[in-house]
Amino acid sequence: MTPRTNDRSGAAAGRSTVVLGIETSCDETAAAVVAREGDRGQILSNVVRAQWEKHRRYGGVVPEIAARAHLECLDEIIAQAMAEAKVDFGDLDAVAATGGPGLIGGLLVGVTTAKALTLAHRIPFIAVNHLEAHALTVGLTDGLRPPYLLLLVSGGHTQLLIVRDVGRYERLGTTIDDALGEAFDKTAKLLDLGFPGGPAVEKAAASGTPGRFSLPRPMQGRAEPHFSFAGLKTAVRHQAQAAAPLSQRDVADLCAEFQTAVAESVADRVKRAMAIADERLPDAPKHLVVAGGVAANRQLQSALADVAAKAGYSLHAPPLELCGDNAAMVAWAGAERLARGWIDGLDFTARARWPLDPDATPALGAGKQGAKA
Ligand code: KG4
Ligand code: ZN
């Protein structure tokens, strides 16, 4: 993408800008309208339609079904977002759509719709990186500006990054195998808890006791703040097989131990990333931001709050409804880019892969890197 200067940018002229955001990168169809005035944002509408029931019986997201579902309902979701925000297309300063990373069929639906709207209404089109949208959400919700340390934990990504500025990301760590959300989803599938797995595991864990089963704390103590969850998932399978048939209590205790292992492993990795961030940004305020679907997990949040407090960091997490995929974060990232005059041409093509830090070296031993966001 080559950013171009846009002289329609209202923010440059000091007035408020209004951006329609579209999110179709995975299994939520979403549209939202966000206004940006100065550095502050306001959500005028935020419509999310999950497709879980369409994918549930397959135990995971089926890309073709997702793309078709986006196509079927996106126009209606956009109309609803515009109506709830009480704005007309003529009031919009830009349309921003997730341009990647994600499932290519869904991305194409969102990007093509956004391009058509911008062409018809003669306003700029902005392609937003889904990970950047998660990364910048705290600007919308808490007014927090970079630099900050970011833990991004979703269904397809698990990364620690220094957010130096909008558009400037330095990756410190990533997963060498499964993403954290994927580990939750696979654990839920293994234990027959349904889909999506994260909330189901969290619910089961609430009535369980950690420690009755014993699971590893992956990567603990390693110098580089990378993650690994494949071994943990396999350990859950072995323990489940050994204890079969599982009672409800077994499932709850396994989930509680899994969640504790995750929280302790992630907290250890974050602690390591804080030490690196302190060296690289010695004068910056100490903020830890957690974003992405798994950020909704309460035990993880409380483990992070502990590490943050000990290291003198403040912890920022978006409200629950903005942790998972939504279009308000896309509209806000679009507004941030618009304010800098960064818009995209209609020749932009959707990207299944789109790293935030293209210069990051692959993690040693890296196997699969999630292609979805
Ligand atoms: O960011 P997101 O909505 O979509 C992607 O971009 O991937 O993240 C979805 C992931 C799923 O793997 C889901 O199981 C997980 O976030 N998740 C959770 C919780 N809520 C959602 N994981 C653990 N605890 C939760 N409460
Ligand atoms: Zn996401």
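Presented here is a report on the structure given in the accompanying data block. Please read these numbers as outputs of a predicted model, since none were measured by experiment. (Residues numbered from 1 in each chain as written. Chains lettered and ligands numbered in written order. Predicted model: local features only at pLDDT ≥ 70, side-chain atom pairs only at ≥ 80, totals over all residues. Heavy atoms only, no water.)

### Digging into the side chain of Asp 268
Part 1: Mapped onto the fold, Asp 268 is located in helix α8 (residues 248-280).
Part 2: For Asp 268, a relative accessible area of 17% corresponds to the buried category.
Part 3: Sequence-distant contacts of Asp 268, that is, excluding residues within four places in its chain, are made with Met 219, Gln 220 and Gly 221. (Helix = DSSP H or I, 4+ residues; strand = E, 2+ residues; numbered from the N terminus. Buried < 20%, exposed > 50% of the residue type's maximum accessible area, 1.4 Å probe, protein only. Contact = heavy atoms within 4.5 Å.)

### Some thoughts on the sheet that holds strand β3 (residues 40-50)
Part 1: In spatial order, the strands read β3-β2-β1-β4-β5; together these 5 strands make up an open sheet with mixed pairing. Each edge of the sheet is formed by a strand with only one pairing partner; in this case those strands are β3 and β5 (125-129). Along the sheet, successive strands turn relative to each other by an average axial angle of 25°, direction set aside.
Part 2: Set on the sheet, helix α3 (residues 104-121) makes contact with β1 (17-23), β4 (94-100) and β5; between it and β4 the angle comes to about 160°.
Part 3: Contacts between helix α4 (residues 130-141) and the sheet are confined to β1, β2 (28-37), β3, β4 and β5, with β5 contributing the most and set at about 95° to the helix. (Pairing = 2+ DSSP bridges. Axes fitted to C-alpha atoms, helices over the stretch in contact; angles between N-to-C directions.)

### Examining the sheet that holds strand β8 (residues 168-174)
Strand pairing in a sheet is mediated by backbone hydrogen bonds. Such pairs are either parallel or antiparallel.
Part 1: Taking strand neighbours across the sheet as the criterion, the 5 strands line up as β8-β7-β6-β9-β10 in an open arrangement whose pairing is mixed. Only two strands of the sheet have a single partner each, and these edge strands are β8 and β10 (314-316). Direction aside, the axes of adjacent strands within the sheet are offset by 25° on average.
Part 2: In the sheet, strand β6 (residues 148-153) pairs with strand β7 (residues 158-165) via 6 bridges, with the strands oriented antiparallel.

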